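Residues per chain, in single letters:
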Amino acid sequence: MSLIEKAGATVLKGSFDKKDAPKTKNKKKPVALAAAAEAEAPAPPEREPFDLDFAALSKEGIYSPEDRSSQLALELRAVKRRLLRRIGYLRASAERQAFRTPGKQRNLILVTSTRAGEGKTFTAINLALSLAFEDQIETLLVDADLARPKVRERLALPAAPGLADRLLDPRRDVEAMGWRSNAAPLSVLPEGDRFDRPADIFASQKAQEMWTDIARANPNRLVIIDAPPVLAATDAVILAKYADEIVFVVEANSTPEAAVAAAVDELIDINPNISLMLNRCQIGAGGAHYGSYEYYDRSEAAPASAAATPSSEG
Ligand SMILES: Nc1ncnc2c1ncn2[C@@H]1O[C@H](COP(=O)(O)OP(=O)(O)O)[C@@H](O)[C@H]1O
Ligand SMILES: [Mg+2]
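Right, let's walk through the structure included here. It should be emphasised that the depicted structure is a prediction, and the values quoted were computed from it without experimental measurement. (Residues numbered from 1 in each chain as written. Chains lettered and ligands numbered in written order. Predicted model: local features only at pLDDT ≥ 70, side-chain atom pairs only at ≥ 80, totals over all residues. Heavy atoms only, no water.)

1. What to know about the nonpolar core
Put simply, the rule is: Among buried residues, those of type Ala, Val, Leu, Ile, Met, Phe, Trp, Tyr and Cys that are joined through side-chain atoms within 4.5 Å constitute a nonpolar core. A 1.4 Å probe rolled over the protein chains alone gives each residue an accessible area, and that area as a share of the maximum for its type sets the label: buried under 20%, exposed over 50%, partly exposed in between. A helix here means a DSSP run of H or I that spans at least four residues, while a strand means a run of E at least two residues long, and both kinds are numbered starting from the N terminus. Residues count as neighbours in contact if any of their non-hydrogen atoms are within 4.5 Å of one another.
Grouped together as the largest cluster of nonpolar side chains are 45 residues, with contacts concentrated most on Leu163, Phe202, Trp211 and Phe248. Looking at which element gives the most residues to this core, the answer is helix H11 (residues 235-242), with six residues. Look past the residues within four positions of tryptophan 211 in its chain and what remains in contact with it is Leu108, Val142, Leu163, Phe202, Ile225, Leu239 and Tyr242. Among the nonpolar cores identified, the runner-up in size contains 40 residues, and Ile62, Leu129, Leu131 and Leu222 belong to it.

2. Concerning the packing of aromatic side chains
What counts, and what does not: For Phe, Tyr and Trp, rings pair up if their centres lie within 6.5 Å, where Trp contributes its six-membered ring, and each pair is then called stacked (planes under 30 degrees apart), edge-to-face (over 60) or tilted (otherwise).
Summed over all chains, the structure comprises one aromatic pair. Each ring, one from phenylalanine 54 and one from phenylalanine 133, has its centre 5.0 Å from the other, and the planes form 85°; the classification is edge-to-face. In this pair, phenylalanine 54 sits in helix H2 (residues 54-59) while phenylalanine 133 sits in helix H5 (residues 120-134), placing the two residues 79 residues apart along the sequence. Look at phenylalanine 133 and you get buried, because its relative accessible area is 14%.

3. Quick look at the site of ligand 1
What counts is decided by this rule: Residues are classed as near a molecule or strand on a simple rule: at least one heavy atom within 4 Å of it. We call two N or O atoms a polar contact when they sit within 3.5 Å, provided that within protein one can donate a hydrogen and the other can accept it, with sequence-adjacent residues counted only if both atoms are side-chain atoms. Using the Shrake-Rupley algorithm and a 1.4 Å probe, accessible areas are obtained, with residue cover drawn only from the displayed protein chains. Amino acid classes used here: Ala, Val, Leu, Ile, Met, Phe, Trp, Tyr, Cys and Pro are nonpolar; Asp, Glu, Lys and Arg are charged; the rest, including Gly, are polar.
In the vicinity of ligand 1 there are 12 residues, among which Gly117, Lys120, Phe122, Asn279 and Arg280 approach most closely. Interatomic distance of 3.0 Å between a backbone N/O atom of glycine 119 and an oxygen atom of ligand 1. The separation between a nitrogen atom of ligand 1 and a polar side-chain atom of asparagine 279 is 2.8 Å. Bound to the protein, ligand 1 loses 79% of the 560 Å² it would expose on its own. Top element by residues in the shell around ligand 1 is H5. It accounts for three residues. Residues belonging to the shell around ligand 1 are distributed by class as follows: two nonpolar, five polar and five charged.

4. As for helix H10 (residues 205-217)
Basically, it comes down to this: Here, expected helix span is obtained from the residue count minus one, scaled by 1.5 Å.
Relative to the 18 Å expected for 13 residues at 1.5 Å per residue, H10 spans 18 Å between its end C-alpha atoms, a close match to the ideal helical length. For H10, every residue scored as buried is listed here: Ala207, Met210, Trp211, Asp213, Ile214, Ala215 and Ala217.

5. Observations concerning the pairing of strand S1 (residues 108-113)
Going by this rule: One bridge is not enough; two strands pair if DSSP finds at least two bridges between them.
Burial analysis of S1 places six of its six residues in the buried class, the great majority of the element. Alignment of S1 against strand S5 (residues 222-226), held across four bridges, turns out to be parallel. Paired with leucine 108 across the bridge in S5 is valine 223.

Okay, here's the thing in structure tokens:
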């Protein structure tokens, strides 16, 4: 069942600076040919705003804006607060101003983990929904797990061009390919066409330019990237180069500590801004989704884990 509504609101418009546009390598191309190539650039389809079926989502344990006092909503609040503080989004005046300055903002947040099935997609979706619906923060959720994309399926969005298509063709406009929620400042960039060797393309210059474009398109926007696991392929490590903050999901009582250490070890030299998040943590009678959210301190041998008490930070 598709939840796309045939409503009449506009799609998110592209807002790239010309100077940020990817430079064409073929400088010798005759002007007329270049113009013809421009004209052939695929026009992205105008996407209609989508509606989320929160009743169905909450059955799967996913955030629902109606349920503000749920355990998950409380846990997410604590996670978000720490995350926003770490990237400088919550800080006052000067630092907040720096966040808004193109090139200085730290708005690309990569969600990864050791291996498949530990809750990366669950976490990425929950964070994005909670930021957009509860805090009204402009949020873009990107499915960058090209081998096992799950965001679209989870949000009941139809197949459509997305990240892989933009990586293969820089003329495509990321902003126009995003599905836009009709109820909150949330866009979703799906995985797009199937692509067999994501690592090659993630490592390209084109990819780097694309992430810069996405970060700069709106300095106030947070970009949540649902990444592949670290130990499955090199994609996540490559993506970590572009990210400003890494949320590393650890499945409580399941992910072996040695595997976490190996995966974090791979990431930390590329990008030391890693926060560990303990998923499926059982605390107290009701159980909890997120038990811990800690900054990874490389001086510590094992990940810190303290129960997050959501009420203490307002
Ligand atoms: N804290 C949680 N509470 C309930 N279900 C969860 C939780 N974390 C993960 N899941 C479920 O476990 C499955 C695997 O999670 P998923 O996010 O798809 O893993 P990954 O993206 O790391 O491969 C999904 O069905 C997801 O909904
Ligand atoms: Mg996933």
